[in-house]
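# Observations on chain architecture
Single-letter residue listing:
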Amino acid sequence: MTESKPGKLITPRLIVLLIILAVGIAMAAYMWLVYRPSVMFDDDWDYNEPLELVGDGSPQTPFLIYTVQDLAELAEKVNGGSSYREKYFVLMNNIDMTRYLSEGGEGYNDGAGWVMVGSYAGASFGGIFDGSGYTISGLWLNRPDEIAVGLFGQAVGAEIYRLNVEALSIETGVNAGVIVGDMRNGKMISCSAKVGFFSSVNPEYANALGGLVGDLRNTEVENCSAEITVVINANDNAEYAATNFGGLIGIAIGGSTIKNSHAVVDAVIQGDSLIVAGGLVGYCYDGSVITDSYSEGSITAMGERSHIGGLAGFLSDAGSVIRNSDSTCNVNGNRMVGGLVSAQIRETSIINSRAEGDVTVYSDSNTETYTIAGGLVGMFNNSFITDSYANGNVTAGGDMLAAGGLVGLQKDGKVSKCRASGDVSVTAISEAEASGLIGIEDGGIIEESYSEGIVTVNGQEIECTYRKLTE
């Protein structure tokens, strides 16, 4: 009988499996070290690397920020994985970044400029930052390939108070604002932003750009302002991409609130990807609220899919509201334009609000979709408008037009106690429907509402159904 030999304990296959396991463990450890601040955010996590700043971060003895180098140290530590969640920071004086960011300066970074406090890769700032009413000036960033760009890149659970930031220029890719690129679950109170030149080239996915904050989620903004000059080149090749631009906030989502705030905007937006732009907020949805706020300036976006509103681009989803707010923005687009809002859809409300800027739309694309212009709202669907008015003139030209002094196209919903006093002028290539109040009515209720302006189509005055009768 032949004795059986014991099998080998370590085979080539086992060695390969052990190597794969080791590599997997190493990669898991690397991912933990790099992305732990937000991807694996634990409520009990309290890792913070020591800072060489005066103070200990407590409410009684906050960390004190005196210089741009102090801010740069904070950025370095946050980007290294320390969120400083619930730690307190106080700005002690004005800071001018000009010299620090100049060519040859410490922060020039081969022409990229400021390194953000917090990044989209997972290292987010979570502290309480009090600007004490001081101003950080001379900021510039040249980061066209990065996500979440601003003085703070990404902030999660952070609170920012009384901070003023003046930027020379921001050139960015996705989700950018002068103060915060991407802000979630926090507060921003009594802050202001100003930027002389803001530009973006939209890659092939959604983009949120705002004077104060780019992407705002479940966050309260109150008593804030922005002054912004912007040029956006929306990527023509991005079929499903969207550029969402607002003078103050790019996107407001998840029950965010914008209160007692305003923006002054001068925006030119180019390209044929989907463009949603507003003087104050680009896309306001998912239960977000704008109240006691206003916008002024001008927005021009002539791409084939531009949706432009004087205050907000889109107002969408149940619970989203605009209340006691107004816009004097002049808006100019080629698909859907409104003096206050481009499109109001899905059980939203506009209450006691006004649009006083002029509305212009022109399209000769010869599509089967109406080009829409309204003095207050472009398209209105299954929503509610009350105690509101539009004073601006509405001018529309091209093919397949719907123009109204108050609303371009109404589908369901209710318009109550509203008026429009601007003139409506349409120059039509083919089909056009125009009225002093509602351009096209497709269901819904209109009550106690009227128009006062003159309506002309191809130079000829037409009867306005809702003209207020003189006594």
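Anything mentioned here points back to the structure above.
Our subject in this report is the structure included herewith.

Calculation criteria
- Residues numbered from 1 in each chain as written.
- Predicted model: local features only at pLDDT ≥ 70, side-chain atom pairs only at ≥ 80, totals over all residues.
- Heavy atoms only, no water.
- Helix = DSSP H or I, 4+ residues; strand = E, 2+ residues; numbered from the N terminus.
- Buried < 20%, exposed > 50% of the residue type's maximum accessible area, 1.4 Å probe, protein only.
- Contact = heavy atoms within 4.5 Å.
- Areas by Shrake-Rupley, 256 points an atom, 1.4 Å probe, with all protein chains shown as cover.
- Polar contact = N/O pair within 3.5 Å; in protein donor to acceptor, adjacent residues only side chain to side chain.
- Expected span 1.5 Å × (residues − 1).
- Core = buried A, V, L, I, M, F, W, Y, C linked by side-chain atoms within 4.5 Å.
- Phe/Tyr/Trp six-rings, centres within 6.5 Å; stacked < 30°, edge-to-face > 60°.
- Lys NZ or Arg CZ within 6 Å of the ring centre and 35° of its normal.

### Some points on the overall build of the chain
- Secondary structure summary: the chain contains three helices and 49 strands in total.
- Out of the 471 residues belonging to the chain, those deemed buried represent 54%.
- In the chain, once contacts between residues fewer than 6 apart in sequence are set aside, the share between residues at least 24 apart is 80%.
- When the accessible surface of the chain is summed, it comes to about 19800 Å², and 50% of that surface belongs to carbon and sulfur atoms.

### A closer look at the side chain of Arg354
- By the secondary structure assignment, Arg354 is in strand S32 (residues 354–355).
- One polar contact links the side chain of Arg354 to the main-chain carbonyl oxygen of Asn352, over a distance of 3.0 Å.
- If we ignore the near neighbours within four places in the chain, the residues touching Arg354 are Asn324, Ser325, Asp326, Ser327, Leu340, Leu376 and Tyr389.

### Describing the environment of Glu461
- If you trace the backbone, Glu461 turns up in strand S49 (residues 460–461).
- Residue Glu461 is classed as partly exposed on the basis of its relative accessible area, which comes to 49%.
- Sequence separation between Glu461 and Ser425 is 36 residues, and the spatial gap between their C-alpha atoms is 8.9 Å.
- Beyond its immediate stretch of four places on either side in the chain, Glu461 contacts Ile454, Val455, Thr456 and Arg467.

### Considerations on helix H2 (residues 68–79)
- In this model, H2 (twelve residues) spans 16 Å end to end at C-alpha, consistent with the 16 Å of a helix rising 1.5 Å per residue.
- Taking burial as the measure, the twelve residues of H2 include nine buried ones, the bulk of the element.
- Of the residues trailing H2, Gly81 is marked for its positive phi of about 125°.

### What to know about the nonpolar core
- Among the nonpolar cores identified, the biggest contains 112 residues, and Trp114, Leu163, Ile179, Met188 and Leu212 are the most heavily contacted of them.
- Excluding residues that lie within four positions of it along the chain, Leu163 makes contacts with Leu91, Phe129, Gly131, Tyr134, Ile136, Leu151, Phe152, Ile179, Ser190, Cys191 and Ser192.
- With 17 residues, the next largest nonpolar core counts Ile253, Val276, Tyr285 and Leu409 among its residues.

### Remarks on the packing of aromatic side chains
- Applying the stated rule across the entire model yields ten aromatic pairs.
- Each ring, one from Tyr283 and one from Phe314, has its centre 5.3 Å from the other, and the planes form 85°; the classification is edge-to-face. Here Tyr283 is found in strand S21 (residues 281–285), whereas its partner Phe314 is found in strand S25 (residues 312–316), with 31 residues between them in sequence.
- Residue class for Phe314 comes out buried when judged on its relative accessible area of 14%.
- Chaining the aromatic ring pairs together yields one cluster made of Phe63, Tyr84, Phe89, Phe125, Phe129 and Phe152.
- One residue, Arg419, lies across the ring of Tyr389, its end atom 4.3 Å from the ring centre.

### Quick word on the environment of Tyr88
- Topologically, Tyr88 is positioned in strand S2 (residues 88–91).
- Along the primary structure Tyr88 and Pro59 are separated by 29 residues, whereas in three dimensions their C-alpha atoms are 6.0 Å apart.
- Once residues within four sequence positions are removed from consideration, Tyr88 is found in contact with Gly57, Ser58, Pro59, Pro62, Phe63 and Ile128.

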